[in-house]
Amino acid sequence: MQPLESVTDRTGHRWAELTWADGGELIALRVPGATIHRATLEHPILGLVAPITDDRGDQLTVISAVNWARPTEIPAIAEPGRLPAGAGGVIIDVLARLAPTSLRYAGPWPTSALYQTLLRSFRTTASEAEFTAGGIERALRGARDELPFDFVPAPHERIAIARGHVELRDGLERAVIDGVAYGRDHGVARLVGDRAEVWFGDAPWAHVASFAPDGSLIAGPHALPACTSDAVGKTFPPALCEAIAELVADAVPAPLADAARAIVTRGPIAWADLGARAACRTSAGLAVHAALWERLAPAGLGRVALAIAEALTPVVTLAVVADVGVMSPPGTVDAMVTT
């Protein structure tokens, strides 16, 4: 059987290039912005690993050794947050294309981000809660035992479009425009029918693009409207920060609660125009899209606080990991992140 040499879409855009040795060993897997090399290094938790370098040849992180010609498990990446945006998703999709049968994860970081990335190229009956259960404990002990969940290969078709790409499998499932991912019918940035839209307060706020059934653009991408709310630039009062901190602490995994509470309480939290993002971390503190205030203020401060906490929870979770390395092996951070 001829080994997979590249993944190229119908527009001619090359997403992955594979180089093989005569004996079937992978020499290099090149994806946008990163290259996986032969497994030649030892890692204190993952054992034999392959270095992942950027386009300059500088090492970004490492990935556990895998027989790419016939993968038998889902590999673990020590610091997926250091990969260029989108690279992790391409790596996982190449893995699905090469896997002869279902795979299981045998690493120490069964995170929500990894689960969501796997769903784009595999199918499983395991829920996210089942996959991530005990994740902190696995990270702390550097677990390498196999989780009892099968992931059946179901790679997607990735097609380049203006300012991003789309992913098709059972129809259009995901679009990435200007670095923002639009998923099917959920989140602030979402796909609704054939449209990429930004939603705040359970209603659309902006139409970004429209697509044909084959993923090609019909309209857009359109520029996002500016948020002209008077709230932009204003900071939250301390009492509101404390209330939101408790809501966020209740939402994150228990071992992260104290650190998450401290980040939110410390603030400052400010209203801002964040485009297609509900919240983000800034050099000054935290920011929340002012459109949430405009849409939800009539429903009362309680509803606003819940929406703010929902927007901040994933941002604060990643901030905790970056600050203290809770989920990481010695000397690494961002183990909860994938792309």
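From a predicted model like this one, the values you see are computed outputs, not experimental measurements.

(A) Just the overall build of the protein chain, in detail. Tallying secondary structure elements over the protein chain gives 8 helices and 20 strands in all. With respect to the principal axes defined by its C-alpha atoms, the protein chain has extents near 65 × 50 × 40 Å. In the protein chain, the share of contacts with a sequence separation of at least 24, taken over all contacts with a separation of at least 6, comes to 50%. When the accessible area of the protein chain is evaluated, it comes to approximately 15,100 Å², of which 54% is carbon and sulfur surface. Once the 28 positive and 38 negative side-chain charges of the protein chain are each reduced to a mean point, those two points are 2 Å apart.

(B) Examining the nonpolar core more closely. Core analysis: the largest hydrophobic core is formed by 57 residues, its most contacted members being Tyr182, Phe211, Ile244 and Leu312. A per-element tally of this core places helix H8 (residues 301–324) first, with 11 residues. In contact with Leu312, other than residues within four places in its own chain, are Ile244, Val248, Ile269, Ala279, Leu286, Ala287 and Val288. Ranked by size, the runner-up nonpolar core spans 47 residues in total, among them Ala50, Ile91, Tyr115 and Leu147.

(C) Seen up close, the packing of aromatic side chains. As enumerated under the stated definition, the model contains 7 aromatic pairs in all. On the basis of an interplanar angle of 40° and a centroid distance of 5.6 Å, the ring pair of Tyr115 and Phe131 is categorised as tilted. On the criterion of sequence distance, the pair formed by Tyr115 in helix H2 (residues 112–119) and Phe131 in helix H3 (residues 128–132) is long-range, its members being 16 residues apart. Of the two residues, Tyr115 and Phe131, neither departs from the other in class, the shared state being buried. Aromatic pair Trp271 and Trp293: ring centres 6.1 Å apart, planes at 50°, arrangement tilted. In this pair, Trp271 sits in strand S18 (residues 269–272) while Trp293 sits in helix H7 (residues 291–296), placing the two residues 22 residues apart along the sequence. Given the relative accessible area of 9%, Trp271 is considered buried.

(D) How the structure looks around the sheet that holds strand S12 (residues 171–177). Overall, mixed pairing links the 8 strands, which are arranged S10-S11-S12-S13-S14-S15-S16-S17 in an open sheet. If you trace the sheet from one side to the other, it starts and ends with strand S10 (157–161) and strand S17 (217–219), each paired once. Averaged over all adjacent pairs, the angle separating strand axes in this sheet is 30°, with direction ignored. Where strand S11 (residues 164–169) lies against S12, 6 bridges are found, and the strand directions are antiparallel. Bridging from a neighbouring strand, His165 pairs with Val176 of S12.

(E) Structural detail: unusual backbone geometry. That bond from Gly220 to Pro221 is cis: its omega, 0°, falls within 30 degrees of zero. Here Pro221 lies in the loop between S17 and helix H5 (238–251). One non-glycine residue, Asp178, lies in positive phi territory at about 55°. Summarising the element assignment, Asp178 is placed in the loop between S12 and strand S13 (180–184). One non-glycine residue, Asp202, lies in the positive phi region at around 65°. For Asp202, a relative accessible area of 63% corresponds to the exposed category.

Cut-offs applied
- Residues numbered from 1 in each chain as written.
- Predicted model: local features only at pLDDT ≥ 70, side-chain atom pairs only at ≥ 80, totals over all residues.
- Heavy atoms only, no water.
- Helix = DSSP H or I, 4+ residues; strand = E, 2+ residues; numbered from the N terminus.
- Contact = heavy atoms within 4.5 Å.
- Areas by Shrake-Rupley, 256 points an atom, 1.4 Å probe, with all protein chains shown as cover.
- Lys, Arg positive; Asp, Glu negative; His and termini not counted.
- Charge placed at Lys NZ, Arg CZ, Asp CG, Glu CD.
- Core = buried A, V, L, I, M, F, W, Y, C linked by side-chain atoms within 4.5 Å.
- Buried < 20%, exposed > 50% of the residue type's maximum accessible area, 1.4 Å probe, protein only.
- Phe/Tyr/Trp six-rings, centres within 6.5 Å; stacked < 30°, edge-to-face > 60°.
- Pairing = 2+ DSSP bridges.
- Axes fitted to C-alpha atoms, helices over the stretch in contact; angles between N-to-C directions.

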